[in-house]
Amino acid sequence: EGLVWDVAVPILEGKLGSVRVGMSEEHLQTVIRDTTRFLLLVTGCVSIVSVVAAYVLTFVATRPILNLVKMTEAVGAGQLQRKVPVRTKDEVGRLGTAFNAMTEVLARSRNEIEQFNRQLLRRNEELHDKEVSRRRLLEKLIDAQEEERKRVARELHDQVGQSLTALIMGLGSTEEMIPAEAD
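Presented here is a report on the structure given in the accompanying data block. (Residues numbered from 1 in each chain as written. Predicted model: local features only at pLDDT ≥ 70, side-chain atom pairs only at ≥ 80, totals over all residues. Heavy atoms only, no water.)

This brings us to the nonpolar core. Leu68, Met71, Val75, Leu80, Val84 and Phe99 together form the largest nonpolar core, which totals six residues. At three residues, helix α1 (residues 25-76) tops the list of elements feeding residues into this core. Discounting residues that sit within four places of it in the chain, Leu68 has contacts with Val84, Leu95 and Phe99. (Core = buried A, V, L, I, M, F, W, Y, C linked by side-chain atoms within 4.5 Å. Buried < 20%, exposed > 50% of the residue type's maximum accessible area, 1.4 Å probe, protein only. Helix = DSSP H or I, 4+ residues; strand = E, 2+ residues; numbered from the N terminus. Contact = heavy atoms within 4.5 Å.)

Here you go:
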């Protein structure tokens, strides 16, 4: 059956004879082929398991960071009430805790700013109302001054008119009393 490999090994330096072993090359090729297939199969399986394990570990390791990224985007959109779930006490967990503390400070600051803005709006409305009242009072004052000016002008006109009329009449009667010889 094909080529046979024959190996002879002396026993006690040839004193007891030798041991001979013959192996068929076809059998050796079959064993080598089967062993190679087995090793390739094991290598392939280990590679697939390694890739799956790496994917799972990467997913598990990066999920908290991806959550943190999502929360960062939400906070950037103004959703300050959102919190990062903290499940570990490693660096990522500490980062999540610090992020949550930061969002709480931001929310407080935002509330304070909104409250201050409401106060400013209320004060601006009050100031506007006071300005409107001041303008009304000023218009009333100007109207009252104008009315007083008209009243004083009428009184002066009436008094001066009566005085002038009396003076003219007095001069007319004085003129009649003066004899014409003075001419």
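More follows now that the structure is in view.
Working note: a packed helix pair is described by the angle between its axes plus the distance between those axes. Packing of α1 against helix α2 (residues 91-177) leaves a shortest axis separation of 10 Å and a crossing angle of 10 degrees. Comparing their axes, α2 and α1 come out roughly parallel. Considering only the axes of α1 and α2, their crossing is left-handed. Taking contact as the criterion, the partners of Pro64, Ile65, Leu68, Met71, Thr72 and Val75 in α1 are, on α2, Val92, Leu95, Phe99, Thr103 and Leu106. (Axes fitted to C-alpha atoms, helices over the stretch in contact; angles between N-to-C directions. Parallel < 35°, antiparallel > 145°, perpendicular 65-115°, else oblique. Left-handed = near helix turned anticlockwise from the far one by under 90°.)

Among the secondary structure elements, Thr103 is positioned in helix α2. With a relative accessible area of 0%, Thr103 lands in the buried category. Reaching out from Thr103, the side chain makes a polar contact with the backbone oxygen of Asn100 at a distance of 2.7 Å. Every residue in contact with Thr103, bar those within four places of it in the chain, is listed here: Val75, Leu80, Arg82 and Lys83. (Polar contact = N/O pair within 3.5 Å; in protein donor to acceptor, adjacent residues only side chain to side chain.)

What follows covers the side chain of Asn100. By secondary structure assignment, the location of Asn100 is in helix α2. The buried category is assigned to Asn100, whose relative accessible area is 11%. If we skip the residues at most four places from it in the chain, Asn100 touches Lys83, Val84 and Val86.

Inspection of the entire model under this criterion finds eight salt bridges. Arg135 is paired through a salt bridge with Glu131; the nearest N and O atoms lie 3.3 Å apart. Of this pair, Arg135 and Glu131 both sit in helix α2, separated by four residues, roughly a single helical turn. Across the salt bridge formed by Arg149 and Glu146, the nearest N and O atoms sit 2.2 Å from each other. On the criterion of helical spacing, the pair formed by Arg149 and Glu146 is a turn pair, its members being three residues apart in helix α2. Look at Glu146 and you get partly exposed, because its relative accessible area is 32%. Connected through shared salt-bridge partners, Glu131, Arg134 and Arg135 make up one network. (Salt bridge = Lys/Arg side-chain N within 4 Å of Asp/Glu carboxyl O.)

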